[in-house]
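Close look at the chain arrangement
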Amino acid sequence: MKIKSSTEKTLVYFCLSMNKFLIVGLGNIGDEYKHTRHNIGFDVVSAFVLKHGAFFKLDRLAEVAEVKWKGRVFICIKPTTYMNLSGKAMKYWMDKEGVDISRTLTIVDDLALPLSKLRLRGSGSDAGHNGLKDIQLTLGTDHYPKLRFGIGNQFPKGRQVEFVLGKWLPDEQKIIQSKIEKSIEIIESFATIGLEKTMSQVNNLNFL
């Protein structure tokens, strides 16, 4: 058997890593948080994994699933660190899987966006979101792709926490399902045609 040289091994590793993506859904663990507005990142990643017939398993700092599709490998994680330590889980799995920051996609709820919108960007501030805040602190940059899932801000003054940790209203369910389905398409598009082209297809959509 011919032993590959170190150069050949490096080339193989590089080629494999170029087709590998890390998909990070933000949320909080625990039954009380399931399917709340703040956990939409978990729900999107779960729907993506389910569509492709994969399964999550509990691993270090996260529930993890591996999806293989069209020659790409998607490492999908739902951090078990709670929202304000999301960066720890993301950095661990980036390093473990050898995924460059440009091939990560973080899915997160966004109060500043109306319910009718999704917003894909290659960089951007944490906008006060504790999960993004910790990721930015851990990675030392806000230049990493994010899919922001608008949840609106229709809550009385002083009731933000209750709103964010609340469940979707019955009349919101249809639009939420449509946006989750589109988010799955965005993940696939991000990995095939790239960030810029996907942004041009997504950011002007209106789901009302």
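Residues numbered from 1 in each chain as written. Predicted model: local features only at pLDDT ≥ 70, side-chain atom pairs only at ≥ 80, totals over all residues. Heavy atoms only, no water.

What follows is about the environment of Ser-200. Secondary-structure assignment places Ser-200 in helix α7 (residues 195–202). Between the alpha carbons of Ser-200 and Leu-120 there is a distance of 9.0 Å; along the sequence they are 80 residues apart. (Helix = DSSP H or I, 4+ residues; strand = E, 2+ residues; numbered from the N terminus.)

A few words on the pattern of salt bridges. One pass over the full model with this rule turns up 11 salt bridges. Of the charged contacts in the structure, one is a salt bridge between Glu-66 and Lys-68, with a shortest N-O distance of 3.8 Å. Since its relative accessible area comes to 43%, Glu-66 is described here as partly exposed. The closest approach of N and O atoms between Asp-95 and Lys-91, which form a salt bridge, is 2.7 Å. (Salt bridge = Lys/Arg side-chain N within 4 Å of Asp/Glu carboxyl O. Buried < 20%, exposed > 50% of the residue type's maximum accessible area, 1.4 Å probe, protein only.)

Let us look at the sheet that holds strand β4 (residues 72–79). The sheet built from seven strands is open, its strands ordered β2-β3-β4-β1-β5-β7-β6 with mixed pairing. If you trace the sheet from one side to the other, it starts and ends with β2 (57–59) and β6 (118–121), each paired once. Between one strand and the next, the sheet's axes are offset by a mean angle of 25°, whatever the strand orientation. Lying on the sheet, helix α6 (residues 173–192) is in contact with β1 (20–25), β3 (62–69), β4, β5 (104–110), β6 and β7 (146–150); it crosses β7 at an angle near 170°. (Pairing = 2+ DSSP bridges. Axes fitted to C-alpha atoms, helices over the stretch in contact; angles between N-to-C directions. Contact = heavy atoms within 4.5 Å.)

The predicted model of the protein chain has a mean per-residue pLDDT of 93, with 91% of residues at 70 or higher. pLDDT under 50 marks residues 11–15. Its contacts with residues more than four places away, or in other chains, come to three contacts. (pLDDT = per-residue confidence, 0-100.)

Remark: α6 packs on α7, axes separated minimally by 7 Å, with the N-to-C direction vectors making an angle of 150°. In this structure, α6 contributes Ile-186, Ser-189 and Phe-190 to the contact, and α7 contributes Leu-195, Thr-198, Gln-201 and Val-202. The residue makeup of the contact of α6 with α7, split by class, is four nonpolar, three polar and no charged. (Nonpolar A, V, L, I, M, F, W, Y, C, P; charged D, E, K, R; others polar.)

What follows deals with the packing of helix α3 (residues 86–97) against helix α4 (residues 130–139). Contact pair α3 / α4: the axes reach a minimum separation of 7 Å and the direction vectors enclose 50°. Relative to α4, α3 is oriented oblique. Two packed elements cross with a definite hand, and for α3 against α4 that hand is right-handed. In this structure, α3 uses Ser-86, Gly-87, Lys-88, Met-90, Lys-91 and Met-94 to contact α4, whose residues at the interface are Gly-131, Asp-134, Ile-135, Thr-138 and Leu-139. When the residues that make up the contact of α3 with α4 are grouped by side-chain class, the tally is four nonpolar, four polar and three charged. (Parallel < 35°, antiparallel > 145°, perpendicular 65-115°, else oblique. Left-handed = near helix turned anticlockwise from the far one by under 90°.)

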